[in-house]
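Each chain, letter by letter, is given below.
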Amino acid sequence: MIDLSTLAPPAPAAEPNDATPKRVWFHTFGCQMNEYDTGKMRAQLRIDGYQDAAAPDEADLILLNTCSIREKAQVKVDSALGHYRRLKRLGQPVVIGVAGCVAQQEGQALLTRYPDLDLVFGPDGVPHVRKLVEEARSGRRVLDTDFLDLEAYPFVSDLDPSVDGIGAFVTIQKGCDNKCTFCIVPATRGAEASRPSTQVIDEVRGLVGKGVQEITLIGQNVNSYGLKTPGEVTFAQLLYEVAAVPGVSRIRYTTSHPRDMGDDVVAAYRDLPALASHLHLPVQSGSSAVLRRMKRFYTREHYLDVVNKLRAARPDLALTTDVIVGFPGETDDDFDATMALLDEAQFVTSFSFKYSQRPDTAALRLKDPVPDDVASERLSRWQVAQRVRSLAWTRGHEDQEVEVIIEGPSRHEPTVLCGRTSGNLMVNFPGDPSLVGRSALVRVTRGFTNTARGELIA
Ligand code: SAH
Ligand code: SF4
Ligand code: F3S
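Residues numbered from 1 in each chain as written. Chains lettered and ligands numbered in written order. Predicted model: local features only at pLDDT ≥ 70, side-chain atom pairs only at ≥ 80, totals over all residues. Heavy atoms only, no water.

### Some remarks on the domain arrangement of the chain
Here comes step 1: Partitioning the chain into structural domains gives domain 1 (2-149), domain 2 (163-276), domain 3 (283-395) and domain 4 (401-456).
Here comes step 2: Spacing between the C-alpha centres of domain 1 and domain 3 amounts to 35 Å.
Here comes step 3: On the side of domain 3, five residues touch domain 1, which itself brings six residues to the contact.
Here comes step 4: Buried surface at the junction of domain 1 and domain 3, summed over both partners, amounts to about 420 Å²; 47% is from carbon and sulfur atoms.
Here comes step 5: Among the residues domain 1 hides against domain 3, the three largest losses belong to Arg70, Glu71 and Gln105. Together they make up 80% of the total.
Here comes step 6: Between domain 1 and domain 3 we count zero salt bridges in total.
Here comes step 7: In this assembly, domain 1 and domain 3 are joined by four residue pairs in polar contact (both at pLDDT 80 or more). (Domains from an automatic or database assignment. Contact = heavy atoms within 4.5 Å. Buried area = accessible area lost by both parts, 1.4 Å probe. Salt bridge = Lys/Arg side-chain N within 4 Å of Asp/Glu carboxyl O. Polar contact = N/O pair within 3.5 Å; in protein donor to acceptor, adjacent residues only side chain to side chain.)

### A short note on unusual backbone geometry
Here comes step 1: With omega at 10°, the peptide bond leading from Thr254 into Thr255 counts as cis.
Here comes step 2: For Thr255, the position within the fold is in the loop between strand S11 (250-254) and helix H9 (263-271).
Here comes step 3: Of note, Lys295 is a non-glycine position whose phi angle comes to about 55°, a positive value.
Here comes step 4: For Lys295, the position within the fold is in the loop between helix H10 (288-293) and helix H11 (300-313).
Here comes step 5: Non-glycine residue Asp360 carries a positive phi angle of around 60°. (Helix = DSSP H or I, 4+ residues; strand = E, 2+ residues; numbered from the N terminus.)

### Focus on the pairing of strand S18 (residues 439-447)
Here comes step 1: Pairing between strand S15 (residues 401-409) and S18: five bridges, direction antiparallel. Within S18, the position partnered with Glu401 by the bridge is Arg443.
Here comes step 2: Pairing geometry for S18 and strand S19 (residues 451-456), over five bridges, is antiparallel. Looking across to S19, one finds that Val444 is bridged to Gly454.
Here comes step 3: Hairpin connection between S18 and S19: a loop of three residues separates the two successive antiparallel strands. (Pairing = 2+ DSSP bridges.)

Below you can see the structure in the form of structure tokens.
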């Protein structure tokens, strides 16, 4: 175990300690947090001469940034790791590291299970990745799953050198202080800490300087931003500050907790045209009884109340959600209440999951597990109904003129451009690649389940 007290704080302006070109291959699983953390690791390792490898078999360093939110996510990590370890067995001189939530959760067990694994560190190791990699390269097997001091949490300020598009994430907090009974995240990411708003704004400015127009603020429970830091602005105030940065055309954020969605944030939907007309507000279940067992601390009625307030402030708000089916004790009636919510709240899309047991979570102690076949049947009922609703939403745009920011040419057809509306609808339309980065008016000609086709007007 590395003694963190010996580690220097991250030094953005540090000199390269070794100019030899080296290649790193990142494999990122999981949520936006992990994607963002990978960008921060890339930025820091660049200081030591690491460039992105074109393929894993050209890498000197392979870092898996892992997710353990559901069992399936964790299984994916094992199989990817098997692939990379084979490269090493075939003689490639590569340092292999596992970072992220599986690393935090498994720690020493990973090093024991995989004798050729060099490095294991959790999300709080990200600010020290240079030091950790250096240690591992010197031949020591390194484990770092200590949580850092929240008071002066060293959020990394270096910008991800690979950011070159229209949108970028900016973290505003780390960890989570909630205790939703199904969730592994508080164990893998530790307690919540808000990033100073001055740093957030500096990063937004830096990204705008690189051509970014759309900022997505990320955290596990963004609505609680700043509340535990004396003198810090609230989440709503932060939205106003970000909107005031010249060059920011759109702001999104994720993830919001329905319990903490205050009237001040609702008001921001009235005041801030840059705030996107799309909100991801995970509900998890439409049954208040299930929500209670999940320790979500809101009811179905509260959720709908929040949605109604938001729609009054922003009538065209596109709402998306996360749903867990088959949570212990979920009855047919509970599930029917969730199904009914799909129409009541009018979710335009959703991520839906079968409940998956996670180590050391409180839900393990709950009675009345739902049989797997029942959970599967519920999941497919939800997903079929959601597809119908998603299609109705995209088709509802047909013959309308919508404003999009053009993100790039389509991957499959270079003469087709992809633009995103404020409501998060991706519209594909023929156009000249020189328009990338511009805003455009597009008439939607056809809606599909997740995207739409259109034609450029202006
Ligand atoms: N902080 C976010 C969610 C992060 S996890 C929030 O509070 O909404 C992303 C989603 O994964 C959750 O919204 C939930 O729907 C799902 N999820 C988390 N733990 C799960 C589990 N044990 N089984 C199934 N789905 C889970
Ligand atoms: Fe997990 Fe709940 Fe925290 Fe979201 S709010 S990360 S679901 S504990
Ligand atoms: Fe997965 Fe960790 Fe994110 S468990 S969803 S990578 S916070």
